[in-house]
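Spelled out, the chains give:
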Amino acid sequence: MSESTFMGVPRDQIDWSPRIDYDKCNYCMECVEFCPHQVFEVHEEEEQKFVVKNPNNCVVFCRACGKTCGVDAIDFPNKADTTKHIKEIRKEMGENE
Amino acid sequence: MNKSYSVLPCNGLDKCAGCVSKEVALLLTEETDSKIICPVFYRVADAKYNKLLQETPLLVIDGCATRCASKLAAEKNLKITQKINISEEAKAAGLTLSDSLRIGDTEKKLAENLVKKLIEKERTRTENESSEATESEATESEATESETTDHVTTKKEAYEIYKKDKFVFRLPKKEGFYFNENDVWAYVTGRKARIGVTDYAQKSLSDIMFFTPPAIGAEIEQFEEAGNIESGKAVFEIISPVSGRITAINESLLEAPELINQNPYEEGWIAELELTDFESDKELLHSFEGYFQVMKRKVDEFHV
Ligand code: SF4
Ligand code: SF4
C-alpha cells in the first residue's frame, strides 16, 4: 500500500487512529456507524464487539468519531508529537534522495 | 407572544436519546406555539407540513450521531434554522443518558434545560433579524470590509480545473494559497490567513446545510479543528492548516451555508486567523501543485 501517503510520508509510518478504552465502552456503536472510512470492523458474536481493524484508513488528524462517543472511550495520539514525527520522516526522506 | 418553531425531532423510539428528542419537542409545543413534524409521517406524506414549514423556522432535533432528523431534512431540501443533538448536549452537560427507553429525572432535566436554551436562542435570533433589517446597510459593509477580503476575490482564470464525469473540481492557482491533505486551504497575507474548505471537500459532502463556526478569539494549533460543516451525508471537521488565533468568521454562512457549495474559495470562506507560526506550519502544507495531485487522486478514488 505504498500509494497511500500523507504529506509524502507512507501512511503506515504514521501512527494515527482511534484508541478505544474497552473498559469504558458500552458498545453503542455510534463511532462505528459514524466513520465512512472502514476503520472499524464489527464482531457481532464476540464480547468485544468491534475492533480498529484498519488503523491506516483513518484520516490523519481526524478525530470526528471521538465526538460521537457519549462515554469518552475514544482517544487519539498526541497531535503535536505526530506532527513532529511526520516532519522528521520528511526530513530523513529528503536527505536520502 | 412566544416565538415558535416547526420542530422535527428524530423521535427514535429504541434509544434513550431519541426519546429525549421527543420530550424536548413536546415541551416546546407546551411552552411556545411550536408545532411538531412527525418524522415518520413526513417521510411518506410531506404535504401535511409544507405550509407550516414555510411559515416557521425549522428546528431539527437529532438524538444521536446517526442524525436521522438532519438527514430527513436534507432529503426534503429543508432550510434548518436551529439544530441540536441530544447526545452531544448530554455530553456537554456532563450527563450520561440511561439505557432505559422511559426517560428518568436526569433526562427530564436535560430536556427542560434544552427547551429553555432554545426559547432564548429563538428570541435573540428574531431580535437580531429585526435589528439587522434596520441596520442592514451597516452590517453589509462590515461583512465585506475585512482586511484579506479584497485580495481573495479570484477571477475565473485563476482556477485550475480537474474534471471527472460531470463533476468539475476547481483549485485556485494564486500565490499565497496553501493546502493540507485534510482538504482545507489557507490564503496567507502577511501575518494573517483566511481559511476554507476545497472544492473536493464541498463536492463530496454535497449540499451543505449547517455551519458550526470556530469561536472567535480561540487559539488553534495546526491540524486542530476549526469548526465543522454538515450535509445530509456527513459531518466534516474543518482541520485548520495553520496555527493562530481566530479573528473573524464568515457570518453569512450562518444564514446561508450553501455559499460553501457555490464557491468555497471566495464567498464560502470559513474563518480568518492571526498567524502564530506559519514558517513551521508551512512544512506540512502543499502549494497548488502538490495539492492538485492529491486532489486528483482523491477524486479518482472517490468514485470507485
Ligand atoms: S478519526 Fe475520523 S477517520 Fe479516523 S476512525 Fe474516527 S471518524 Fe474514522
Ligand atoms: S461510541 Fe464510544 S461507547 Fe459507543 S461503541 Fe464507540 S467507543 Fe464504545
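The structure contained in this document is the topic of the report that follows. These numbers come from a predicted model, not from an experiment. (Residues numbered from 1 in each chain as written. Chains lettered and ligands numbered in written order. Predicted model: local features only at pLDDT ≥ 70, side-chain atom pairs only at ≥ 80, totals over all residues. Heavy atoms only, no water.)

What about the overall build of chain B?
Quick note on the threshold: Helix and strand definitions follow DSSP, with helices as H or I runs of at least four residues and strands as E runs of at least two, each counted in order from the N terminus. The contact criterion used is simple: two residues touch if any of their non-hydrogen atoms lie within 4.5 Å. Note on areas: these come from Shrake-Rupley sampling with a 1.4 Å probe, and a residue is covered only by the protein chains present in the view.
Helix and strand counts for chain B stand at 12 helices and 15 strands. Long-range contacts, defined here as pairs at least 24 residues apart, represent 66% of the contacts in chain B between residues at least 6 apart. A total accessible area of about 14900 Å² is found for chain B, and carbon and sulfur atoms account for 50% of it.

Description of the interface of chain A and chain B
Size of an interface: often given as the accessible area lost when the parts come together. Which entries qualify depends on this criterion: Accessible area that two parts lose when put together, with a 1.4 Å probe and added across both, is what the buried area reports. Note on definitions: salt bridges are taken to be side-chain nitrogens of Lys or Arg within 4 Å of carboxyl oxygens of Asp or Glu.
Counting residues at the interface gives 26 residues for chain A and 23 residues for chain B. Both sides together, the interface formed by chain A and chain B hides about 2000 Å², and carbon and sulfur atoms give 50% of it. It is M7, K67 and K87 of chain A that lose the most area in chain A upon contact with chain B, and together they represent 29% of the buried surface on that side. Summed over the shared surface of chain A and chain B, the result is 5 salt bridges. The residue E225 of chain B makes a salt bridge to K67 of chain A at a minimum N-O spacing of 2.5 Å.

Considering the site of ligand 1
The following threshold applies: Residues are counted as near a molecule or strand when any one of their heavy atoms sits within 4 Å of it. Here the nonpolar group is Ala, Val, Leu, Ile, Met, Phe, Trp, Tyr, Cys and Pro; Asp, Glu, Lys and Arg are the charged ones; every other residue, Gly included, is treated as polar.
Surrounding ligand 1, one finds 13 residues, the nearest of these being C35, C58, V59, C62 and C65 of chain A. Of the residues assigned to the shell around ligand 1, the class counts are 11 nonpolar, 1 polar and 1 charged.

Let's talk about the site of ligand 2
Looking at ligand 2, there are 13 residues lining it, with C25, C28, M29, C31 and C69 of chain A nearest. Its residues assigned to classes, the shell around ligand 2 shows 11 nonpolar, 1 polar and 1 charged.

Things to note about the sheet that holds strand β15 (residues 271-275) of chain B
Residues and elements named next belong to chain B. Rules: Pairing between two strands is assigned when DSSP locates at least 2 bridges connecting them.
If you walk across this open sheet you meet the 6 strands as β7-β8-β9-β15-β14-β11, and the pairing is antiparallel. Each edge of the sheet is formed by a strand with only one pairing partner; in this case those strands are β7 (177-179) and β11 (219-220). Bridge count for strand β8 (residues 184-189) against strand β9 (residues 192-197) is 6 bridges, and the pairing is antiparallel. Bridge pairing links V188 to A193 in β9.

Focus on the packing of aromatic side chains
Describing an aromatic ring pair means giving the distance of the ring centres and the angle of the ring planes. All names here are of chain B. Rules: Any Phe, Tyr or Trp ring, taking Trp's six-membered ring, that has another such ring centre within 6.5 Å forms a pair; planes under 30 degrees apart are called stacked, those over 60 apart edge-to-face, and the others tilted. Buried residues are those whose accessible area, probed at 1.4 Å on protein chains only, stays under 20% of the maximum for their type, while exposed residues exceed 50% and partly exposed ones sit between those limits.
One pass over the structure, following the stated rule, counts 23 aromatic pairs over all chains. Relative to F179, the ring of F177 has its centre 6.3 Å away and its plane inclined at 15°; by these criteria the two rings are stacked. F179 carries the same exposure label as F177, and that label is buried. Considering the side-chain rings of F177 and Y265, the 6.5 Å spacing of their centres and the 90° angle between planes classify their relative orientation as edge-to-face. With a gap of 88 residues between them, F177 in strand β7 and Y265 in the loop between α10 (259-262) and β15 connect regions that are remote in the sequence.

Some thoughts on the environment of I239 of chain B
Within the element layout of this structure, I239 of chain B appears in strand β13 (residues 235-239). On the basis of relative accessibility, which here comes to 3%, the residue I239 of chain B falls in the buried class. Dropping the residues within four chain positions of it, I239 of chain B is found in contact with F61 and C62 of chain A together with N180, N182, V184, F223 and E224 of chain B.

Some thoughts on unusual backbone geometry
Trans peptide bonds make up the majority, and among non-glycine residues the majority have a negative phi. Residues and elements named next belong to chain B. If you check the backbone angles, N11 has positive phi at about 60° while not being a glycine. Topologically, N11 is positioned in the loop between β1 (6-9) and α1 (16-31). Despite not being glycine, D183 has its phi angle at roughly 65°, a positive value. Residue position: D183 is located in the loop between β7 and β8. Taking the relative accessible area as the measure of exposure, D183 reaches 7% and is therefore buried.

Re the side chain of T82 of chain A
Residue and element names in this part refer to chain A. Inclusion rule: In the analysis that follows, any N or O atom pair within 3.5 Å is treated as a polar contact, provided that within protein one partner can donate a hydrogen and the other can accept it, and provided that, for residues neighboring in sequence, both atoms belong to side chains.
Among the secondary structure elements, T82 is positioned in helix α3 (residues 79-96). Given a relative accessible area of 7%, T82 falls into the buried group. Within the local environment of T82, its side chain forms a polar contact with the backbone oxygen of N78, the two atoms lying 2.7 Å apart. If near-sequence neighbours (up to four positions away) are discounted, T82 is found in contact with I14, W16, F61 and P77.

Geometric descriptors of this kind do not, in isolation, establish any biological role.
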